[in-house]
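Here's the letter readout for the chains.
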Amino acid sequence: MPRELWDNVQARMSSNRKKRHDHIRERSSSLLTGLLADASGNRFTPSFTFKKRRRYRYYVSQLAIKNPATKLNRPIRLPAREIESRVTESLLSFLKSDAQVFDRLGAAAESPAASGQLVAAARKLALRWPALRSEQLRDLLASFLRRIIVQENN
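Bear in mind the structure is a predicted one, so any value in this text is a computation, not a measurement. (Residues numbered from 1 in each chain as written. Predicted model: local features only at pLDDT ≥ 70, side-chain atom pairs only at ≥ 80, totals over all residues. Heavy atoms only, no water.)

Section: the sheet that holds strand β4 (residues 77-79)
Phase 1: The sheet built from 3 strands is open, its strands ordered β2-β3-β4 with antiparallel pairing. The outermost strands of the open sheet, each flanked by one partner alone, are β2 (44-51) and β4. Going from strand to strand, the sheet's axes swing by 35 degrees on average, the running direction of each strand aside.
Phase 2: Taken together, the 8 bridges between β2 and strand β3 (residues 54-61) define a ladder with antiparallel strand orientation. Opposite T49, over in β3, you have Y56 as the bridge partner.
Phase 3: Each of β3 and β4 is contacted by helix α3 (residues 80-96), which is oriented at about 65 degrees to β3, the strand it contacts most. (Pairing = 2+ DSSP bridges. Helix = DSSP H or I, 4+ residues; strand = E, 2+ residues; numbered from the N terminus. Axes fitted to C-alpha atoms, helices over the stretch in contact; angles between N-to-C directions. Contact = heavy atoms within 4.5 Å.)

A word on a nonpolar patch on the surface
Phase 1: There is a patch of nonpolar side chains on the surface, built from L5, V9 and M13 and spanning about 240 Å² of accessible area.
Phase 2: Positionally, L5 belongs in helix α1 (residues 3-28).
Phase 3: The class of L5 is partly exposed, set by a relative accessible area of 44%. (Patch = residues over 30% accessible without salt bridge, like charges linked within 9 Å, V, L, I, M, F, W, Y side chains within 5 Å. Areas by Shrake-Rupley, 256 points an atom, 1.4 Å probe, with all protein chains shown as cover. Salt bridge = Lys/Arg side-chain N within 4 Å of Asp/Glu carboxyl O. Buried < 20%, exposed > 50% of the residue type's maximum accessible area, 1.4 Å probe, protein only.)

What about the packing of aromatic side chains?
Phase 1: On inspection of all chains with the given rule, the structure shows 1 aromatic pair.
Phase 2: Residues F48 and F50 carry aromatic rings whose centres are separated by 5.7 Å and whose planes lie at 85 degrees to one another, so their mutual orientation is edge-to-face.
Phase 3: Of the residues examined, F50 reaches a relative accessible area of 53% and is grouped as exposed.
Phase 4: Over the ring of Y58 we find R77, and its NZ or CZ is 4.2 Å from the ring centre. (Phe/Tyr/Trp six-rings, centres within 6.5 Å; stacked < 30°, edge-to-face > 60°. Lys NZ or Arg CZ within 6 Å of the ring centre and 35° of its normal.)

Written as structure tokens, this is what we have:
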């Protein structure tokens, strides 16, 4: 095999490996790290498991991790994709709603013009949302949300 062909193949394999690694990392990043807690203040930590060569992501209660033998009457493990989807869809819906953004601003806005600018900025952010990378989305969620309290509906 000619050396030039060998070098081209090696370069392509290396490039594919990096793209695959980046894609897996982006798809599996835990968007809500540090934000999820139960009503008692126990945080949830990202975790994952493999089953039949497929990766399943979860957020697991720190209480369950520290006390594995204790029977808990609250959620201890949440499917990551489901909870992340619910949170991101709620925030996106909020950003798309001029009325909700305006109501949330309340008296915090300095003037009607400032309120209008913030509402317009929220709308623009909602339009850019689909193009955001996971790191950008994680930073955005952290800037909007202080804590996400998880509790069971009875």
